[in-house]
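The primary structure of each chain is shown beneath.
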Amino acid sequence: MSRLSPLHDALTLCTFCPSLCHHACPVAAVEGRDTVTPWGLVSLVHHIETGSVRLTDDVAHTLYRCSGCRACTEACLHGQDVEGILFTARAEAVARGRRPHARERFQHDQAPRDPWWETGPARFHPDPTVLLLPGHRDLVSDATAVRKTLRLCERLDEAELACADASLLDVGYDLWAAGYRDEFALRAERLRQAVGDAAVVVVMSAEALYALKVIYPQVNQALAAQVLHVSDFLLPLLSGAVVSRVGGAVGYHDSCHLARHFGVFDVPRELLRRVLERPPIELRQREADTFCCGGTGCLGITAPQTAAAMSEEVVQMALEAGCERLVTFAPECVGGLRAAAGERLRVDGAITLIDEAVAGDEA
Amino acid sequence: MLRPAVTRLPQAHLIAGLAAIVGPTRVSTELPDLVAYSADFWPKLQIWKLGGDPERYPPDCVVWPSTEAEVQGVVSFCAEHAIPLIPYGGGSGVCGGTVPISGGVVVDLKRLRSIVAIDRDSHTVTAEGGILGQHLEDRLAAAGFTLGHFPSSIMCSTLGGWLATRSGGQFSSRYGKIEDMVLSLRVVLADGSVLDTADRSTGDPDWTQLLVGSEGTLGFITQATLRVHAAPASRHFRGFKFHTLYDGLTAMRLVMQAGLEPVVLRLYDPFDSMVALGKQDAPGDGAAEAHGMRGAIERLSHWATTRPGAAGGFTRRLRRAARTKAIAAALSVPSVVNKLAQAVPSQCLLIIGFEGPDEAVQRSAWRSRQILLDADGTDAGSHVGETWLAKRHAVSFKQARIYQTGSFVDTMEVATTWDRLPQLYESVRRAVSPHAFIMAHFSHAYREGCSIYFTFAAHRSNAERSAGLYDTIWDAALLATQAAGGTTSHHHGVGISKKHAMVAEHGEMLRAWRALKDAMDPQGILNPGKLFPDNAGGGA
Ligand SMILES: Cc1cc2nc3c(=O)[nH]c(=O)nc-3n(C[C@H](O)[C@H](O)[C@H](O)COP(=O)(O)OP(=O)(O)OC[C@H]3O[C@@H](n4cnc5c(N)ncnc54)[C@H](O)[C@@H]3O)c2cc1C
Ligand code: SF4
Ligand code: SF4
């Protein structure tokens, strides 16, 4: 039986729905293409499941035009899990040998660009109680964020957070999103073993948070440790801290995973309020209605032009709102937004901003 | 796959020519695109889809121009090679208007999605034709305005599509239909030139209105300027109940003729009232429940089988259908369900709503309440009106649940003057009742008349039989409408499904239409086979 058979009812529901979540889908918005609306994509899966359409490489390619942002689920009165359906369909395509994107593109085991343990404070412990898992985005795309996070802990008198060998591992979210389920399961097992006896795991990436908390248990690799996003970890540390508030017109971009998958809006804003002179500027689309910047769901790998156009859309919203600087708590959002913004807008991970505000002598 | 091959160019040349205009990534002949663009939401296509045929009329290719200049380029290129062109907005049409029955190039306009200007002094908005309705309204709301156009398909339809089909929104009684809102248009004509109606004399003839409702057969609407309204400061929605449908209709007429301007004034017939009131009962997500119609059928069955003296084959069959929660079974015996619906002592629900400055809203709400009570209505309270407002889109989500049972559902929006309304309602019901379960509500009210929105659902064991039944229902309903002096198209447009009815409805004026079409589109390449019967394409 194919992975799609159990989804039959859900597939039928979208296929015969008049695309009532069309307006919510960021991919459809920037492409202007009905094929990539939630309706179009799920209908395609339905036609594959019923045998009306043959699963060729071209057809499989289309299944990758979704960032898994869940805006459609939010808009759908049935609460359809379109992300789940499409990621399962990709897994089915991979299982049937239809692999428009090679596995290697989703495996992120490159060496970090910033060897923070060589230059930064000595927070490397073979078996830490509180383990920092930066995720590949921060290791590769914005490596200084790791160093800044560790430095922040120093300044805020936090003694336990440390890196370990496990910190160099990617959680494997992109493998999952791309449908490489076997490889993902292996990665999950390796990471769970590497985490060892840590009581708390602090992750910097919102998609990694989702992977560890929601997907790992699905492949029987649930971590015994408590998993925290770095914003939750930092908020209590900041109370009572001496901060020199950062000025300027700073906007906040909600990442899909924090805002929609976990419903987290307040903690990041509260953190920003504590370090900014003025409250963060709100974008036209925010919180549960946030516009996906294309940074997740492996869209940047499978449809880079579409992802770039989605980032551009968010940048436009920030400029429209009068932002000079845009911050986000998800490293997966930073790269695309920064590339789209160019000189028009400064884009940072929120850690950078907090680091500026809690600057010690070294700042 | 039926596919009249009228493309005169080899496909490689067609693709190369179009790619030179819009770029190679904006032209597609890939299967997923051909499937997605071979249908709109015309239920007959859904029936074929149910039968495993999702691409009966695929286009030769799909293009996504990003600018008006690119639309001009595409149209000029296709005109040069006499290739059919199908303007495509959201594809939410329910009459087959975007179906490429002659093949050709589907031109999706959704990349033309900018707001060009919001004029705060003149209270107008200028936007590109491909913008999705919800996006337009969201941007207007952020600027403190509303267009006042809220079709149930606002999430999946475009400004250009609205204008091309003379769309009507849920708040039309106050704000009018889209043709009442539009001030001017930019349209790419069949030779690739652009007509900007704002550049023409504001005196007669009105070129804007000539093009509104042309369903892509006269040109591509690339931009429109429309009047907008300040976002309302206050809203008041209320429900009333009437013992009979005709009491309710009289009350509606009196409200409209008293010069009041409700944003919403709609009356549900007894069965639709059951569905609407069922929605009111359902806390939270109505669509997650079984289809409202199914719930109402269950209630109907319960009433029928528990009332004194209840017996008889039809109630037993219906009870069995409801008990097994088999909507398909109930829809296989439509005359049974229809008979019961007629006998049910359900009251008719009327929803009335006002919006605008606080004082004016209060005044209108008070005045309308007096009229409705004087007309034998019972005040059901503001919560009924507010629940309706909050859940007004839920019903659209429920359509798919009907298809999940292998059944089909469709709607038909007819209209006439108040004096003929009861007759129109009765004759359409009578004509459709033997074939499908049917219910209705009255909405889009005017001083002189009103629209009736029929919903019908039916079931057959396979797609071929369902498609046959579907045609039978429509033939019967269209004939009954015309016999009762109604128009068969109030706001959904004509497309393929009603084009033959247009012959009787427009009579002699068909000659004028043909002359206009010949002048503006001499090769007949713009959306062939739609709106009026022509020689291209044939039926579907
Ligand atoms: C669930 C549901 C609810 C609905 N509720 C309503 C409602 O409340 N009120 C209502 O009026 N309608 C309603 N409709 C019908 C439909 O949404 C309308 O007909 C709408 O106006 C179609 O817009 P579209 O952008 O989807 O157009 P399409 O379906 O893409 O096209 C419709 C027709 O217009 C032409 N066209 C589209 N764009 C252009 C353009 N830019 N220039 C020239 N021609 C163009 C097409 O060729 C076609 O003939 C509903 C439909 C559904 C599925
Ligand atoms: S996700 Fe919901 S709203 Fe979107 S197409 Fe599917 S059923 Fe319709
Ligand atoms: S999850 Fe996001 S990108 Fe994917 S179909 Fe839904 S709205 Fe579109």
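Because the structure is a prediction, the values reported are computed rather than measured. (Residues numbered from 1 in each chain as written. Chains lettered and ligands numbered in written order. Predicted model: local features only at pLDDT ≥ 70, side-chain atom pairs only at ≥ 80, totals over all residues. Heavy atoms only, no water.)

### Things to note about the pairing of strand S4 (residues 226–229) of chain A
Each regular strand displays side chains that alternate between the two surfaces of the sheet. All names here are of chain A. Across four bridges, the pairing between strand S3 (residues 200–203) and S4 is parallel. Opposite valine 200, over in S4, you have glutamine 226 as the bridge partner. You can see the chain leave S3, run along helix H12 (residues 206–218) and come back into S4, and the turn it takes is right-handed. (Pairing = 2+ DSSP bridges. Helix = DSSP H or I, 4+ residues; strand = E, 2+ residues; numbered from the N terminus. Right-handed = clockwise from strand over helix to strand, strands pointing away.)

### A word on the layout of surface pockets
All names here are of chain B. By volume, the second largest pocket is sized at about 710 Å³. Arg166, Val212, Gly213, His506 and Phe532 are the residues nearest the centre of the second largest pocket, which is lined by 28 residues in total. Broken down by secondary-structure element, the contributors of at least two residues to the lining of the second largest pocket are helix H9 (207–211), helix H21 (499–506) and helix H22 (509–520). Among the elements that make up the lining of the second largest pocket, the one with the highest residue count is H22 (five residues). A breakdown of the residues in the lining of the second largest pocket according to their chemical character gives 13 nonpolar, ten polar and five charged. (1 Å grid on protein atoms, 1.4 Å probe; cavity = no way out; pocket = protein on both sides within 12 Å on 5 of 7 lines; lining within 4 Å. Points joined across faces, edges and corners; volume = space filled by probe spheres on them. Nonpolar A, V, L, I, M, F, W, Y, C, P; charged D, E, K, R; others polar.)

### Focus on helix H6 (residues 82–95) of chain A
Residues spaced three or four apart along an α-helix face the same direction, because each turn holds 3.6 residues. All names here are of chain A. Its 14 residues give H6 an end-to-end C-alpha distance of 20 Å, which sits within 8% of 20 Å, the value for a rise of 1.5 Å per residue. H6 sits mainly inside the fold: twelve of its 14 residues count as buried. Of all the residues in H6, the buried ones are Val82, Glu83, Ile85, Leu86, Phe87, Thr88, Ala89, Arg90, Ala91, Glu92, Ala93 and Val94. Backbone geometry just after H6 places glycine 97 at a positive phi near 80 degrees. (Expected span 1.5 Å × (residues − 1). Buried < 20%, exposed > 50% of the residue type's maximum accessible area, 1.4 Å probe, protein only.)

### Re the domain arrangement of chain A
All names here are of chain A. The domain architecture assigned to chain A consists of domain 1 (5–100), domain 2 (116–236) and domain 3 (240–357). Each of domain 1 and domain 2 has a C-alpha centre, and the two are 31 Å apart. Counting residues at the interface gives ten residues for domain 1, matched by eight residues for domain 2. Counting each side, the surface lost to burial between domain 1 and domain 2 is near 710 Å², with a carbon and sulfur contribution of 50%. Of all residues in domain 1, Phe87, Ala91 and Val94 give up the largest surface area on contact with domain 2, accounting jointly for 50% of the area buried on that side. Where domain 1 touches domain 2, the interface holds zero salt bridges. At the boundary of domain 1 with domain 2, the tally comes to four residue pairs in polar contact (both at pLDDT 80 or more). (Domains from an automatic or database assignment. Contact = heavy atoms within 4.5 Å. Buried area = accessible area lost by both parts, 1.4 Å probe. Salt bridge = Lys/Arg side-chain N within 4 Å of Asp/Glu carboxyl O. Polar contact = N/O pair within 3.5 Å; in protein donor to acceptor, adjacent residues only side chain to side chain.)

### Examining the site of ligand 2
In the vicinity of ligand 2, the residues found are A:Cys14, A:Cys17, A:Leu20, A:Cys21, A:Trp39, A:Cys76, A:His78, A:Gln80, A:Val82 and B:Phe397. Residue composition of the shell around ligand 2, grouped by class: eight nonpolar, two polar and no charged. (Near = heavy atom within 4 Å.)

### Topic: the sheet that holds strand S6 (residues 281–282) of chain A
All names here are of chain A. One open sheet holds the four strands; their spatial order is S6-S5-S7-S8, and the pairing between them is parallel. Sheet topology places S6 and strand S8 (346–349) at the edges, where each strand pairs with a single neighbour. Sheet topology places strand S5 (residues 250–252) next to strand S7 (residues 325–328); three bridges connect them, and they run parallel. Residue pairing for S7: valine 250 is matched across the bridge by arginine 325.

### Let's talk about the nonpolar core
If you look at the biggest cluster of nonpolar residues, it comprises 133 residues, and the most contacted ones within it are B:Leu136, B:Met252 and B:Phe442. Take this core: its biggest share by element is nine residues, from helix H20 (residues 463–483) of chain B. Filtering out sequence-adjacent residues up to four positions away, B:Met252 remains in contact with B:Leu265, B:Arg266, B:Leu267, B:Leu350, B:Trp418, B:Phe442, B:Ala445 and B:Cys450. Judged by nonpolar contacts, the second largest core, of 131 residues, contains A:Ala60, A:Ile85, A:Phe106 and B:Val35. (Core = buried A, V, L, I, M, F, W, Y, C linked by side-chain atoms within 4.5 Å.)

### Considering the domain arrangement of chain B
Residue and element names in this part refer to chain B. When the domains of chain B are assigned, the result is domain 1 (11–109), domain 2 (115–230) and domain 3 (234–483). With 14 residues of domain 2 at the contact, the number on the domain 3 side is 18 residues. Both sides of the domain 2 and domain 3 interface together cover about 1,300 Å² of buried area, and 50% of this is carbon and sulfur. Taken together, the links from domain 2 to domain 3 amount to zero salt bridges. Looking at side-chain class alone, the side of domain 2 that touches domain 3 contains six nonpolar, six polar and two charged residues.

### Considering the sheet that holds strand S1 (residues 27–28) of chain B
Residues and elements named next belong to chain B. Strand order in the open sheet formed by four strands is S1-S2-S4-S3, with mixed pairing between adjacent strands. Either end of the sheet is taken by a strand with one partner, and the two such strands are S1 and strand S3 (85–88). Pairing geometry for S3 and strand S4 (residues 105–108), over four bridges, is parallel. Counted as the bridge partner of isoleucine 86 is valine 106 from S4. Each of strand S2 (61–63), S3 and S4 touches helix H4 (residues 68–80); the most contacted strand, S3, lies at about 155 degrees to it. (Axes fitted to C-alpha atoms, helices over the stretch in contact; angles between N-to-C directions.)

### Here we look at the site of ligand 3
The full set of residues close to ligand 3 is A:Cys25, A:Pro26, A:Val27, A:Pro38, A:Cys66, A:Ser67, A:Gly68, A:Cys69, A:Arg70, A:Ala71, A:Cys72 and A:Val82. For the shell around ligand 3, the elements supplying multiple residues, two or more each, are helix H2 (26–31) and helix H5 (71–75) of chain A.

### So, the pairing of strand S13 (residues 264–268) of chain B
All names here are of chain B. Counting buried positions over the five residues of S13 gives five, a clear majority of the element. Across the two faces of S13 the burial is the same, with Val264, Arg266 and Tyr268 and Leu265 and Leu267 all buried. Pairing geometry for S13 and strand S17 (residues 437–445), over two bridges, is antiparallel. In the sheet register, tyrosine 268 faces S17, and the bridge partner there is histidine 441.

### Brief notes about the side chain of B:Asn338
In this fold, B:Asn338 is placed in helix H15 (residues 334–343). The contacts of B:Asn338, once residues within four sequence positions are left out, are B:Arg429, B:Ser433, B:Ala436, B:Phe437 and B:Ile438.

### Quick word on unusual backbone geometry
Residues and elements named next belong to chain A. Phi is positive for asparagine 220, close to 60 degrees, though the residue is something other than glycine. Relative to the helices and strands, asparagine 220 resides in the loop between H12 and S4. A relative accessible area of 67% places asparagine 220 in the exposed class. Notably, cysteine 298 is not glycine yet its phi reads approximately 55 degrees, a positive angle. Note on placement: cysteine 298 falls in the loop between S6 and helix H16 (299–302).

### Describing the packing of aromatic side chains
All names here are of chain A. Under the definition given, this model contains 20 aromatic pairs over all chains. Geometrically, the ring pair formed by tyrosine 210 and phenylalanine 262 is edge-to-face, given 6.1 Å between the ring centres and 65 degrees between the ring planes. Here the residue tyrosine 210 occupies a position in helix H12, and phenylalanine 262 occupies one in the loop between helix H14 (256–261) and helix H15 (266–275), the gap between them amounting to 52 residues. Residue class for tyrosine 210 comes out buried when judged on its relative accessible area of 8%. A relative accessible area of 26% places phenylalanine 262 in the partly exposed class. Relative to phenylalanine 329, the ring of tyrosine 252 has its centre 6.4 Å away and its plane inclined at 65 degrees; by these criteria the two rings are edge-to-face. Pair noted here: tyrosine 252 is in strand S5 and phenylalanine 329 is in the loop between S7 and helix H18 (331–341), with a separation of 77 residues, a long-range link. (Phe/Tyr/Trp six-rings, centres within 6.5 Å; stacked < 30°, edge-to-face > 60°.)

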